[in-house]
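Here's the letter readout for the chains.
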Amino acid sequence: VICDILESQLGCFIGDAFDDFDHKAVAAASIAQVHFAKLKDGTKVAVKVQFPDVERFFHMDVATVSFALQLLGMGSQVKEIFATMQDQFRQEFDFTAEAEVMREVADQ
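The shown structure was predicted, so the numbers you read here are calculated from the model rather than taken from an experiment.

1. Section: the confidence of the model for the protein
On average, the protein scores 89 in pLDDT, and the residues at 70 or more come to 100%. Per-element confidence in the protein ranges from a low mean pLDDT of 83 for helix α4 (residues 75-93) to a high of 96 for strand β1 (residues 18-21).

So this is what it looks like as structure tokens:
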């Protein structure tokens, strides 16, 4: 599954992008897992792969809880909290922004 996701995102086979790719995850969290790999130029990298549909399920969960709270008459009380939470998670799901920060740190 991870290979399919990665190849779909890269637009090529894993072997075309990496000289070596460890299929066993070295770390995992709630939305992604990390694999070690080596680029064609020999650079060692960590590849973070988001689990399939995790972002879609998150938005469905937030919508469900928000709807339930509205039914209980608490919608207006938690509207700002949900907006902040959705913005924070939007940033968490944006791996390109995270990669840019990592590049900046590596360059220093």
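There's more to say after this.
2. A few points about α4
For α4, built from 19 residues, the straight-helix expectation of 27 Å at 1.5 Å per residue is met to within 8% by its first-to-last C-alpha distance of 25 Å. Approximately 25° is the largest bend angle found in α4, and it occurs at I81. Those residues of α4 that fall on the buried side of the exposure criterion are G75, V78, F82 and F93. On its buried side, α4 packs onto β4 (44-50), α3 (54-71) and α5 (95-107).

3. Details of the environment of F89
Of note, F89 is situated in helix α4. Overall, the relative accessible area of 31% leaves F89 in the partly exposed class. Each C-alpha atom, one on F89 and one on A28, is 17 Å from the other, the two residues being 61 residues apart in sequence.

4. Things to note about the packing of aromatic side chains
Summed over all chains, the structure comprises four aromatic pairs. Relative to F21, the ring of F18 lies with its centre 5.6 Å away and its plane at 45°, an arrangement referred to as tilted. Each member of the pair, F18 together with F21, is buried. On the numbers, 6.3 Å between centres and 40° between planes, the contact of F89 with F93 is tilted.

Calculation notes
Residues numbered from 1 in each chain as written. Predicted model: local features only at pLDDT ≥ 70, side-chain atom pairs only at ≥ 80, totals over all residues. Heavy atoms only, no water. pLDDT = per-residue confidence, 0-100. Helix = DSSP H or I, 4+ residues; strand = E, 2+ residues; numbered from the N terminus. Expected span 1.5 Å × (residues − 1). Bend = angle between axes of the 7 residues up to and from the residue. Buried < 20%, exposed > 50% of the residue type's maximum accessible area, 1.4 Å probe, protein only. Contact = heavy atoms within 4.5 Å. Phe/Tyr/Trp six-rings, centres within 6.5 Å; stacked < 30°, edge-to-face > 60°.

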